[in-house]
Amino acid sequence: MPGLVHVVDDDASFRTAIERRLKLSGYDVATYASAQHLLDRLREGEARGCILLDVQIPGLSGPELQGRLNERGSTLPIVFLTGHADTATTVRTIKAGAEDFLTKPVSSEQLIDAIERALARQEAVLSERRKLESSRSRVASLTPRERQVFDLIVRGKINKQIAHEIGTTERTVKAHRHQVMEKTQVDSVAELVLIAERLGLLDATGETRG
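So, here's what we can say about the structure. (Residues numbered from 1 in each chain as written. Predicted model: local features only at pLDDT ≥ 70, side-chain atom pairs only at ≥ 80, totals over all residues. Heavy atoms only, no water.)

Considering the packing of aromatic side chains
Next up, step 1: What the rule picks out here adds up to one aromatic pair.
Next up, step 2: Consider the rings of Phe 80 and Phe 101, whose centres lie 5.6 Å apart with planes at 25°: the pair is stacked. Here the residue Phe 80 occupies a position in strand 4 (residues 78-82), and Phe 101 occupies one in strand 5 (residues 100-103), the gap between them amounting to 21 residues. There is no split in this pair, since Phe 80 and Phe 101 are both buried.
Next up, step 3: Of note, Lys 104 hangs over the ring of Phe 14, and the distance from its end group to the ring centre comes to 4.0 Å. (Phe/Tyr/Trp six-rings, centres within 6.5 Å; stacked < 30°, edge-to-face > 60°. Helix = DSSP H or I, 4+ residues; strand = E, 2+ residues; numbered from the N terminus. Buried < 20%, exposed > 50% of the residue type's maximum accessible area, 1.4 Å probe, protein only. Lys NZ or Arg CZ within 6 Å of the ring centre and 35° of its normal.)

Remarks on the nonpolar core
Next up, step 1: In this structure, Val 139, Phe 150, Ile 162 and Leu 192 are the most contacted members of the largest nonpolar core, which totals 20 residues.
Next up, step 2: Taken together, the elements giving at least two residues each to this core come down to helix 6 (144-154), helix 7 (159-166), helix 8 (170-184) and helix 9 (189-198).
Next up, step 3: A per-element tally of this core places helix 6 first, with five residues.
Next up, step 4: When residues no more than four places from it in sequence are discounted, the contact partners of Phe 150 are Val 139, Leu 142, Val 180, Leu 192, Ala 196 and Leu 201.
Next up, step 5: With 19 residues, the next largest nonpolar core counts Tyr 32, Ala 35, Leu 65 and Phe 80 among its residues. (Core = buried A, V, L, I, M, F, W, Y, C linked by side-chain atoms within 4.5 Å. Contact = heavy atoms within 4.5 Å.)

Examining the side chain of Asp 100
Next up, step 1: On the secondary structure map, Asp 100 appears in strand 5.
Next up, step 2: Within the local environment of Asp 100, its side chain forms a polar contact with the side chain of Arg 117, the two groups lying 2.4 Å apart. (Polar contact = N/O pair within 3.5 Å; in protein donor to acceptor, adjacent residues only side chain to side chain.)

Overview of the sheet that holds strand 3 (residues 49-53)
Next up, step 1: One open sheet accounts for five strands, arranged 2-1-3-4-5; its pairing is parallel. Both outer strands of the open sheet, strand 2 (28-32) and strand 5, are each paired with one neighbouring strand and no more. The mean angle between the axes of side-by-side strands here comes to 20°, regardless of whether they run parallel or antiparallel.
Next up, step 2: Across five bridges, the pairing between strand 1 (residues 4-8) and strand 3 is parallel. By the bridge assignment for strand 3, Val 5 is matched with Cys 50.
Next up, step 3: Each of strand 1, strand 2, strand 3 and strand 4 touches helix 1 (residues 12-24); the most contacted strand, strand 2, lies at about 170° to it.
Next up, step 4: Sheet strands in contact with helix 5 (residues 108-140) are strand 1, strand 3, strand 4 and strand 5, and its direction is about 135° off that of strand 3. (Pairing = 2+ DSSP bridges. Axes fitted to C-alpha atoms, helices over the stretch in contact; angles between N-to-C directions.)

Let's talk about the pattern of salt bridges
Next up, step 1: For the structure on display, the rule yields 11 salt bridges.
Next up, step 2: Between Lys 104 and Asp 54 there is a salt bridge; the shortest N-O distance is 4.0 Å. Of this pair, Lys 104 sits in the loop between strand 5 and helix 5 while Asp 54 sits in the loop between strand 3 and helix 3 (62-72), and the two are 50 residues apart along the sequence.
Next up, step 3: Arg 117 is paired through a salt bridge with Asp 113; the nearest N and O atoms lie 2.4 Å apart. Taken together, the residues span about one helical turn, with Arg 117 and Asp 113 both in helix 5 at a distance of four residues.
Next up, step 4: When its relative accessible area of 33% is taken as the criterion, Arg 117 is described as partly exposed. (Salt bridge = Lys/Arg side-chain N within 4 Å of Asp/Glu carboxyl O.)

Re the packing of helix 6 against helix 8
Any two packed helices are characterised by the angle at which their axes cross and by the distance between the axes.
Next up, step 1: The N-to-C vectors of helix 6 and helix 8 enclose an angle of 85°; their axes lie 9 Å apart at closest approach. The angle between helix 6 and helix 8 places the two elements in the roughly perpendicular class. Residues Arg 145, Glu 146, Val 149, Phe 150 and Ile 153 of helix 6 form the contact with helix 8, whose own contacting residues are His 176, Arg 177, Gln 179, Val 180 and Lys 183.
Next up, step 2: The residue inventory of the contact of helix 6 with helix 8, partitioned by class, reads four nonpolar, two polar and four charged. (Parallel < 35°, antiparallel > 145°, perpendicular 65-115°, else oblique. Nonpolar A, V, L, I, M, F, W, Y, C, P; charged D, E, K, R; others polar.)

Overview of helix 5
Next up, step 1: Between the first and last C-alpha of helix 5 there are 48 Å, a value that for 33 residues agrees with the 48 Å anticipated at 1.5 Å per step.
Next up, step 2: For helix 5, every residue scored as buried is listed here: Leu 111, Ala 114, Ile 115, Ala 118, Leu 119, Gln 122, Ser 135, Arg 138 and Val 139. (Expected span 1.5 Å × (residues − 1).)

All we've got here are geometric facts, nothing functional implied.
Below, the structure written as structure tokens:
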């Protein structure tokens, strides 16, 4: 299936109609009468999907739910769909990361287009997270000495400088360097620097963080 769409709206007839429309387009659909209902049902490691969310809902509002999900680190993109649009709310939710802000009634084409963009963005976020976790795991596999060499390499030090700094021979540094490149699965210093930057191991001055 293309993905799971979580529909949050207090209007039962709307939920029924939108569920039918989305299922005809091939989506799995879960509906919720309140924001709290969604929060109670969501689990860690959410599947591929997005949230179709009203703004004015009894209890926790749509923007408030967005804030709670952001605090949780949720990867589910949000498409707001409401009959109560105003500029301030639109700007606030978009700045907070909403994929789109649509006004009822909405055409099927416009709705599906927004959902597809949301799903594509989620996939990009998840892909980046997987890369980060893989890079973090590879760096964590380095021995203390290899990590020391890694830090000096990404700071631009050459073998001779590294050998002097850690009190060993260039030949030993070369061996450590080979292990660093092999364990981190890279072919160049530029790729090592990219890993360090992705993991936040380099500060603005090019020095490594612990």
